[in-house]
Amino acid sequence: MSTEIDIRKLLKNVVAYKASDLHLVDRSEPQIRIDGKLVPLNLPKLEGKAIEKMCYSIITEKQKKSFEENSELDFAIDVPDVGRFRANYYRTMDEVAAAFRVIPAQIPSLDDLETPQIYKKLILREKGLILVTGPTGSGKSTTLAAMLNEINISERKHIITIEDPIEFVHQNKLSLFSHRNVGSDTASFANALKYSLREDPDVILIGEMRDKETIAAALTAAETGHLVFGTLHTSSAPQTVNRIIDVFSGNEQSQVRAQLSTSLVAVISQALLPRIGGGRIAVPEILVNTPAIANLIREGKVHQIYSQMQLGQGESGMQTQTQVLLKLVKGHLIEKSDALQFSTRPDELIKVL
């Protein structure tokens, strides 16, 4: 009977298979995601009531009450001897369903992730805004965790993270971490940001820049001498600049463009593609705010940023997604079909391929 499946054993399976996610949905066997693809586990199909029992077994009464009131619950959980997971409970056709994402136990270094050298230069900045963007599941949290880890092992800084929920928990090495969970430690991202400026931070991580209030507070923090890291669900660097400006109304936009032109440090837009031979590989598009880019942002010529990115490489460390995809296809690290599927500019990629 499906009722007897132990959620902890299932989560153990996810880790053993080196999967990234576990899905529990009514009328389906448990499914896990390996290298970006869903794979059903060889187990009986689950019913909603069994899923509810499994899911309720690992949460508190307060979380249960919150889920029953809102039909949504987002949290992170440490399962002893198994690992740490980010979880989301939701309802589908009135039945409980759940998605679990594995949070790696070891925080990777930038070298582990084989990131471009420019990342190590970016984190040395005293102030400004660094954005890591991409669709859900593109490794944004992992890249940011590695960047903060690099600061932690090399500099004495006070780092405040504001997340919903907290994913990577950093051990204090040289730096001091204050992890804040939206919902339990603070009412909202914008609230936490407003008060963080009184908490003497050097570095602030904002788990998600969801609304105008949060974006405005992030720009102010970046302007007032703090290094601010944030994420957005955008798929290219120029699109990210547009998204930030478009959040504001017409008469506010020129001021935001001026703020962004001075406070933006870089935008890293990444995707995770299947690697030939197994595993996945990050494809980062990198926009660095040079004087030429700052000028285009200030003057509202965001549509010209991309051609500037193609030109202004060399010293700046900028790269377009097309260039990275081309290099990976030529190096036989990814399939041409995957490169075209994930490309934000497939026509341009076809031309260069």
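Preceding this section is the structure that the text describes.
These numbers were taken from a predicted model, which means no experiment stands behind them. Counting restarts for each chain, with residues numbered from 1 along the sequence as it is written. Since the coordinates come from a predicted model, pLDDT governs what is reported: local features require at least 70, and pairs of side-chain atoms require 80 or more to be given and counted, while whole-chain, interface and lining totals use all residues. For side-chain calculations, the full set of non-hydrogen atoms in the structure is used, while hydrogens and water are omitted.

Chemist: Pulling in residues and values, what's your account of the overall build of the chain?
Modeler: Regarding its fold elements, the chain presents 14 helices and 13 strands. Compactness check: the chain gives a C-alpha radius of gyration of 21 Å against a globular reference of 20 Å for 353 residues, within 12% of the reference. Note on contacts: a residue pair is in contact if any heavy atoms of the two residues lie within 4.5 Å. For the chain, contacts bridging at least 24 residues in sequence account for 56% of all contacts bridging at least 6. Surface accessibility in these figures is a Shrake-Rupley result with a 1.4 Å probe; residues are shielded only by whichever protein chains are displayed. As displayed, the chain has an accessible area near 17000 Å², and 49% of this comes from carbon and sulfur atoms. Each helix corresponds to a stretch of at least 4 residues labelled H or I by DSSP, and each strand to a stretch of at least 2 residues labelled E; elements are numbered beginning at the N terminus. Throughout, the radius of gyration refers to the C-alpha atoms, and the reference size of a globule is 2.2 Å times the residue count to the power 0.38.

Chemist: Summarise the sheet that holds strand E12 (residues 264-274); cite the residues concerned and give the values.
Modeler: Read from one edge to the other, the open sheet built from 7 strands follows the order E9-E8-E10-E11-E7-E12-E13, with strand pairing classed as mixed. Only two strands of the sheet have a single neighbouring strand rather than two, namely strand E9 (176-181) and strand E13 (280-288). Sheet twist, expressed as the mean angle between neighbouring strand axes with direction ignored, is 15 degrees. Any two strands are treated as partners once DSSP identifies two or more bridges connecting them. Here strand E7 (residues 128-133) pairs with E12 via 5 bridges, running parallel. Paired with Val-132 across the strands is Ile-268, a residue of E12. Angles run from 0 to 180 degrees between N-to-C directions of axes, and those axes are lines fitted to C-alpha atoms, restricted for helices to the stretch in contact. The sheet contacts of helix H9 (residues 250-263) involve E7 and E12, and relative to E12 the element is tilted by about 80 degrees.

Chemist: Just give me the short version of the pairing of strand E8 (residues 158-163), but keep the residues and values in it.
Modeler: Consecutive side chains along a regular strand alternate between the two faces of the sheet. Burial of E8 is extensive: 6 of the 6 residues sit out of reach of the surface. Note on exposure labels: buried denotes an accessible area under 20% of the residue type's maximum, exposed denotes more than 50%, and partly exposed covers the range between, all computed with a 1.4 Å probe on protein chains only. Burial of the side chains of E8 extends over both faces: His-158, Ile-160 and Ile-162 are buried on one face and Ile-159, Thr-161 and Glu-163 on the other. In the sheet, E8 pairs with E9 via 6 bridges, with the strands oriented parallel. Across the sheet, residue Ile-162 finds its bridge partner in E9, namely Arg-180. In terms of strand pairing, E8 meets strand E10 (residues 203-206) through 4 bridges, oriented parallel. Paired with Ile-160 across the strands is Ile-204, a residue of E10.

Chemist: Outline the pattern of salt bridges, listing residues and values.
Modeler: Opposite charge on two side chains makes pairing possible when the charged atoms of those side chains draw close. Any Lys or Arg side-chain nitrogen located within 4 Å of an Asp or Glu carboxyl oxygen qualifies as a salt bridge. The tally for this structure, following the rule as stated, stands at 14 salt bridges. Note that Asp-78 is salt-bridged to Arg-84, the shortest N-O span being 2.8 Å. A salt bridge links Glu-155 to Lys-157, with the shortest nitrogen-to-oxygen separation between them at 3.6 Å. One connected set of salt bridges, linked through shared partners, spans Glu-126, Glu-155 and Lys-157.

Chemist: Could you give an account of the packing of aromatic side chains, naming the residues involved and the relevant values?
Modeler: Here the aromatic set is Phe, Tyr and Trp, taking the six-membered ring for Trp, and pairing holds for ring centres within 6.5 Å; pairs whose planes are under 30 degrees apart are stacked, those over 60 apart are edge-to-face, and all others are tilted. Throughout the structure, instances matching the rule amount to 4 aromatic pairs. Centroid distance Phe-67 to Tyr-89: 6.0 Å. Interplanar angle 85 degrees. Geometry classified as edge-to-face. Placement of Phe-67 in helix H3 (residues 61-70) and of Tyr-89 in strand E5 (residues 83-92) is noted, with a sequence separation of 22 residues between them. No difference in accessibility class separates Phe-67 from Tyr-89, as the two residues are buried. Aromatic side chains Tyr-89 and Phe-100 sit 6.1 Å apart centroid to centroid with 70 degrees between the ring planes, which places their arrangement in the edge-to-face category. Of this pair, Tyr-89 sits in strand E5 while Phe-100 is found in strand E6 (residues 95-103), placing the two residues 11 residues apart along the sequence. This pair shows no difference in class: Tyr-89 is buried, exactly as Phe-100 is. Among the aromatic residues, ring-to-ring pairing joins Tyr-56, Phe-67, Phe-75, Tyr-89 and Phe-100 into one connected group. Note on criteria: charge over ring means Lys NZ or Arg CZ within 6 Å of the ring centre, with the direction from the centre no more than 35 degrees off the ring normal. The side chain of Arg-345 reaches across the aromatic face of Tyr-306, ending 3.4 Å from its centre.

Chemist: Requested: an account of helix H8 (residues 237-246), with residues and values cited.
Modeler: When we look at burial in H8, the residues that qualify are Ala-237, Pro-238, Thr-240, Val-241, Ile-244 and Ile-245. One face of H8 carries all of its buried residues, which in axial projection span an arc of 160 degrees. What qualifies as a polar contact is a pair of N or O atoms within 3.5 Å, subject to a donor-acceptor requirement within protein and to the restriction that residues adjacent in sequence count only when both atoms come from side chains. Backbone nitrogen of Gln-239 and a side-chain oxygen of the N-cap are separated by 3.3 Å at the start of H8; the cap is Ser-236. Note that the arc is computed from the directions linking the helix axis to the C-beta atoms.

Chemist: Provide a residue-level description of the packing of helix H6 (residues 189-196) against helix H7 (residues 212-223), including the pertinent values.
Modeler: Two numbers describe how H6 lies on H7: the axes approach to 8 Å, and their chain directions differ by 20 degrees. Judged by the inter-axis angle, H6 sits roughly parallel to H7. Judged by the sense of rotation from one axis to the other, the crossing of H6 with H7 is left-handed. When H6 is examined against H7, the residues Phe-189, Ala-190 and Leu-193 are found in contact with a partner set consisting of Glu-213, Thr-214, Ala-217 and Ala-218. By the definition adopted for this analysis, an angle is roughly parallel if under 35 degrees, roughly antiparallel if over 145, roughly perpendicular if from 65 to 115, and oblique otherwise. Two helices that cross are described as forming a left-handed crossing if the nearer one is turned anticlockwise from the farther one by less than a right angle, and a right-handed crossing if clockwise.

Fair warning: the whole summary comes from geometry, so function is off the table for now.
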